[in-house]
Amino acid sequence: MALSLGVLAACSDSGSDKPAPAAGAAPAAGGSTLEAAKAAGKIRIGYANEAPFAYMDSKEAKVTGESVEIARVVLKRMGINEVEGVLTEFGSLIPGLAAKRFDIIAAGMYVTPERCKQVAFSNPTYGVGEAFLVKQGNPKNLHSYEDVAKNPDAKLGVVVGAIEGEYAEKVKIPSGQVVVFPDAVSALSGVQAGRADAYAATALTVNDLMGKTQAGSGLEKADPFTDPVIDGKGVRGYGAYAFRTDDKAFADAFNAELAKFIGTDEHKKLVEPFGFTEQELPQGVTADKLCAGN
């Protein structure tokens, strides 16, 4: 396999098909998740092993990424000093949250009206466009979702439960042309093996994957690339933290601290190693606005 797995290596004992022990911040009768987490001094977060948002750094033997490191800062300010990661397939994150396998989703998850019906989102920490990972030379000339829809021989790879599957559906790419992979590493391998002609992900995800592939991988980022146009406008995804709907007080308290941090010099310095710049700042976009579909 041409990809150097490095920090993308998954924890084999933490997959979504294995039962996890009860979350460390399980509230006592009548107590709240926030109160329990403060008392325990720790909390569990669910992540999906997708760099640069949240992934296992095998060299450091710890979970890291933009979403995880911001959470560590914000939670510490709230009196919660320790973060434990629970590795979960992306499509199982919301069910895992509801089942109390963990208490926060820290995976760079996009805020969408559909997801807002299931979880309480924080305000976003970033905004970003899309990209395609393709074989070198881009043999099927795929530079947009619309290009895939126009070519019946093209297959688009997406990660299970990720927003890209919704984009494909809304752009009217036939389901038979969409190949679903469990994670980003599998999708990259799928393009290399010819099971998919392009892997659709955030521009930051594709940049990170390309930065970790070895020379001779036979892959490239599709250039130029046009974001999909849905409901008459080009999409831009905004990632945030997700809480259970009955933990809205927790989400509100988290949001209050998050607002003091996002956009500061400390924040910019923290996320720079993960490829985030001022261009990815959310620019005042709120979860309420995104949940309303605006």
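Not measured: the values here are computed from a predicted model.

Student: Can you walk me through the confidence of the model for the protein chain in this structure?
Tutor: The predicted model of the protein chain averages 89 in pLDDT, with 89% of residues at 70 or higher. Note on residues 1–24: pLDDT under 50 across the span, and 60 contacts to partners over four residues away in sequence or across chains. Of the regions scoring below 50 in pLDDT, residues 26–30 engages in 4 contacts with residues more than four places distant in sequence or in other chains.

Student: Before we go on, may I ask you to explain the pattern of salt bridges in this structure?
Tutor: A side chain with one charge can pair with a side chain of the opposite charge if their charged atoms come near. Tallying each qualifying case throughout the model produces 12 salt bridges. Ionic pairing is found between Lys212 and Asp208, a salt bridge with its closest N-O pair at 2.7 Å. Here the residue Lys212 and the residue Asp208 both occupy positions in helix 8 (residues 203–212), the gap between them amounting to 4 residues, near one helical turn. Accessibility expressed as a relative area gives 14% for Asp208, which makes it buried. Residues Glu278 and Lys268 are paired through a salt bridge, measuring 3.2 Å at the closest nitrogen-oxygen approach. Within this pair, whereas Glu278 is found in the loop between helix 10 (265–271) and helix 11 (287–291), its partner Lys268 is found in helix 10, the two being separated by 10 residues in sequence.

Student: Which parts of the structure should I look at to understand the sheet that holds strand 12 (residues 219–221)?
Tutor: Within a beta sheet, neighbouring strands are joined by backbone hydrogen bonds and run either parallel or antiparallel to one another. Spatially, the 5 strands line up as an open sheet ordered 10-9-11-8-12, and their pairing is mixed. Two strands in the sheet have a free side with no partner beyond their single neighbour: strand 10 (178–181) and strand 12. Each strand of the sheet is rotated relative to its neighbour by a mean of 30 degrees, with strand direction disregarded. Both strand 9 (residues 156–159) and strand 10 contribute to a ladder of 4 bridges, which runs parallel. Its bridge partner being in strand 10, Val158 is matched across the sheet by Val180. Seen against the sheet, helix 8 touches strand 8 (130–135), strand 11 (198–202) and strand 12 and runs at an angle of roughly 120 degrees to strand 11.

About the cut-offs
- Residues numbered from 1 in each chain as written.
- Predicted model: local features only at pLDDT ≥ 70, side-chain atom pairs only at ≥ 80, totals over all residues.
- Heavy atoms only, no water.
- pLDDT = per-residue confidence, 0-100.
- Contact = heavy atoms within 4.5 Å.
- Salt bridge = Lys/Arg side-chain N within 4 Å of Asp/Glu carboxyl O.
- Helix = DSSP H or I, 4+ residues; strand = E, 2+ residues; numbered from the N terminus.
- Buried < 20%, exposed > 50% of the residue type's maximum accessible area, 1.4 Å probe, protein only.
- Pairing = 2+ DSSP bridges.
- Axes fitted to C-alpha atoms, helices over the stretch in contact; angles between N-to-C directions.

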